[in-house]
Amino acid sequence: MDQKIIELINAHNKIIITRHKDPDLDAYGSQFGLYYALKHNFPDKEIYVTGDVNGLNRFKPMDIIEPSLYSEALVFILDTVAKQMLEGSLYEQAKMLVLIDHHQNNPDIRYDYYIRNTEASSCAEIIARLLIDNEWVIPTDSATALYTGIVSDTGRFLYKSVTASTFEVAAKLINLGIDIQSIYAQMYSESLSMKRLKAVFFSTVEFTPRGIAYRKNDAEFLKKYNIDTYSVSRGMVNQMSGIDEVPIWANFTYEEKTGRILCELRSKIIPIVDIAKKYGGGGHLLACGCNVATWEETDLIINDLDKLLEEYHG
Ligand SMILES: [Mn+2]
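Quick caveat: nothing in here was measured; it's all calculated off a predicted structure. (Residues numbered from 1 in each chain as written. Predicted model: local features only at pLDDT ≥ 70, side-chain atom pairs only at ≥ 80, totals over all residues. Heavy atoms only, no water.)

Caption draft 1: Quick look at the sheet that holds strand 1 (residues 14–19). Spatially, 2-1-3-4-5 is the arrangement adopted by the five strands of the open sheet, whose pairing is parallel. Each end of this open sheet is capped by a strand with a single partner; those strands are strand 2 (46–49) and strand 5 (113–116). When the angles between neighbouring strand axes are averaged without regard to direction, this sheet yields 15°. In this sheet, strand 2 lies alongside strand 1 in parallel orientation, the contact comprising four bridges. Looking at strand 2, one finds that I17 is bridged to V49. Each of strand 1, strand 2 and strand 3 (74–78) is contacted by helix 2 (residues 25–41), which is oriented at about 165° to strand 1, the strand it contacts most. (Pairing = 2+ DSSP bridges. Helix = DSSP H or I, 4+ residues; strand = E, 2+ residues; numbered from the N terminus. Axes fitted to C-alpha atoms, helices over the stretch in contact; angles between N-to-C directions. Contact = heavy atoms within 4.5 Å.)

Written out as C-alpha cells, the structure reads:
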C-alpha cells in the first residue's frame with residue numbers, strides 16, 4: 001500500500017470512513033471494504049463508518065458518533081472529491097483528511113492526502129488494490145464489499161472503465177472465498193412493483209430528433225409511485241441504455257430535499273462530461289451528472305447534448 005497511507009493509519013487510533021451522499025454500491029462497497037479490513041488488521045483502533053443511508057445498504061448500520069470525534073480522527077472520504085456530493089461539513093474538522101477517488105473532478109475541499117486513480121473502474125478497485133499490494137489480510141466481509149462495489153460500478157464488468165487490472169483484483173477477491181452468487185442474487189433482483197414502474201418509466205421516455213433519450217421525473221411522478229429520488233435518478237437512467245438509435249441519454253429527477261433537479265447523463269462513445277461540468281457537476285467521460293435549479297435548465301442541457309451530437313456527426 002501507499003506508504004503515506006500506512007503511516008497515517010499507524011499514527012491514528014481513531015478513524016472515520018465516509019463517502020458521498022446518496023451512496024451507490026461503490027460508495028458502500030469502498031466504505032465497508034476499507035472498514036472491515038481496518039477492523040481486522042487493527043483490532044485496537046476505533047473505526048467508524050458515517051454518512052446518510054438508503055435502501056442499498058446491505059452491510060451494517062452507520063455509526064452515530066460525537067461530532068467532536070472528527071477533530072481527533074483520520075478521516076477518509078471515498079468515491080468523491082466534490083463538496084456538493086458530501087453531506088454536512090464535519091469532515092472540515094478532520095485532524096487528517098484523506099481522499100480516495102476514481103472520478104475526473106479536481107477536489108474543491110481541503111485535504112491532507114489524495115489518492116486519485118481515474119483509470120480505476122471503481123473506488124472499490126482502488127481500495128482492493130491498496131490492500132492487496134500491502135499484503136494485508138482481507139477478511140471475507142471486506143472482500144465481499146469490495147467485489148460488490150466493483151461489480152456495481154462496472155455494470156457487471158461491462159463498462160469501458162474495466163481493465164485487466166479490474167479482473168486481476170476481482171480474481172484475487174474471489175480467491176478469498178467470497179460467495180459471488182449470493183452477491184449477484186442480492187444485486188440483481190427487484191420487486192414486481194419496481195419492475196412495473198420501470199415499464200411506466202420506459203414507456204414515457206422522450207426523444208430528440210437526433211436520438212437523445214431523456215426523461216423528466218417531477219415531484220408528482222415520485223409522489224404518485226411513492227418512490228425516492230435516488231431510485232429513479234441513478235436507478236432508472238440505464239433503462240434508456242443499449243438502444244441502437246440512442247447514443248446519449250439523460251435522466252432528470254426532482255429532489256425534494258434540496259428542491260433541485262438531479263441530472264444523470266450517459267453516453268455510448270461520445271464524451272459528455274464537459275456538459276456536466278458546465279452545469280457544476282462532473283464524473284466520468286461517459287457517465288456523469290450535475291444538478292440544476294429549474295426544468296428550463298434541463299432543456300438547455302438537452303440542447304447542449306443535441307448540439308454535441310450534431311458536431312460529432314458533422
Ligand atoms: Mn464509484
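Caption draft 2: Structural context of the packing of helix 2 against helix 4 (residues 140–153). Their axes nearest at 7 Å, the elements helix 2 and helix 4 cross at an angle of 160°. Considering their axes alone, helix 2 and helix 4 lie roughly antiparallel with respect to each other. As helix 2 runs across helix 4, the sense of the crossing is left-handed. On helix 4, the residues that touch L25, D26, G29, S30, F32, G33, Y36 and A37 of helix 2 are D141, S142, A145, L146, T148, G149, S152 and D153. (Parallel < 35°, antiparallel > 145°, perpendicular 65-115°, else oblique. Left-handed = near helix turned anticlockwise from the far one by under 90°.)

Caption draft 3: Focus on the nonpolar core. Counting residues in hydrophobic clusters, the biggest one holds 50 residues, and the most contacted among them are F76 and I100. If near-sequence neighbours (up to four positions away) are discounted, I100 is found in contact with F76, I77, L78, D79, T80, I115, C123, I126, I127 and L130. Counting residues in each nonpolar core, the second largest holds 21 residues, with F252, A276, Y279 and I301 among its members. (Core = buried A, V, L, I, M, F, W, Y, C linked by side-chain atoms within 4.5 Å. Buried < 20%, exposed > 50% of the residue type's maximum accessible area, 1.4 Å probe, protein only.)

Caption draft 4: How the structure looks around helix 11 (residues 295–313). Spanning 19 residues, helix 11 covers 27 Å between terminal C-alpha atoms, matching the ideal 27 Å at 1.5 Å per step. All of the buried residues along helix 11 are T298, I301, I302, D304, L305, D306 and L309. Contact partners of the buried residues in helix 11: strand 7 (213–217), strand 8 (248–255), strand 9 (260–267), helix 10 (273–278) and strand 11 (287–292). (Expected span 1.5 Å × (residues − 1).)

Caption draft 5: Molecular detail of the sheet that holds strand 10 (residues 282–283). In spatial order, the strands read 6-7-8-9-11-10; together these six strands make up an open sheet with mixed pairing. Each edge of the open sheet carries a strand with a single partner, namely strand 6 (206–207) and strand 10. In terms of strand pairing, strand 8 meets strand 9 through eight bridges, oriented antiparallel. Counterpart to Y254 in the pairing with strand 9 is I261. Running at roughly 170° to strand 8, helix 11 makes contact with strand 7, strand 8, strand 9 and strand 11 of the sheet.

Caption draft 6: Region of interest: the domain arrangement of the chain. Along its sequence, the chain is organised into domain 1 (3–187) and domain 2 (193–313). Here domain 1 and domain 2 have C-alpha centroids that lie 27 Å from each other. Each partner contributes to the roughly 1,100 Å² buried at the junction of domain 1 and domain 2, and carbon and sulfur atoms together form 45% of this total. A per-residue breakdown of the area domain 1 buries against domain 2 is headed by D22, Q84 and Q104, which together make up 43% of the total. Linking domain 1 with domain 2 are two salt bridges, by the criterion used here. The tally of links between domain 1 and domain 2 comes to eight residue pairs in polar contact (both at pLDDT 80 or more). (Domains from an automatic or database assignment. Buried area = accessible area lost by both parts, 1.4 Å probe. Salt bridge = Lys/Arg side-chain N within 4 Å of Asp/Glu carboxyl O. Polar contact = N/O pair within 3.5 Å; in protein donor to acceptor, adjacent residues only side chain to side chain.)

Caption draft 7: Up close: unusual backbone geometry. Non-glycine residue D79 carries a positive phi angle of around 70°. Of the residues examined, D79 reaches a relative accessible area of 2% and is grouped as buried. In the Ramachandran plot, N226 falls in the positive-phi region, its phi being about 50° despite a non-glycine side chain. Summarising the element assignment, N226 is placed in the loop between helix 8 (219–224) and helix 9 (229–237). A relative accessible area of 74% means that N226 is categorised as exposed.

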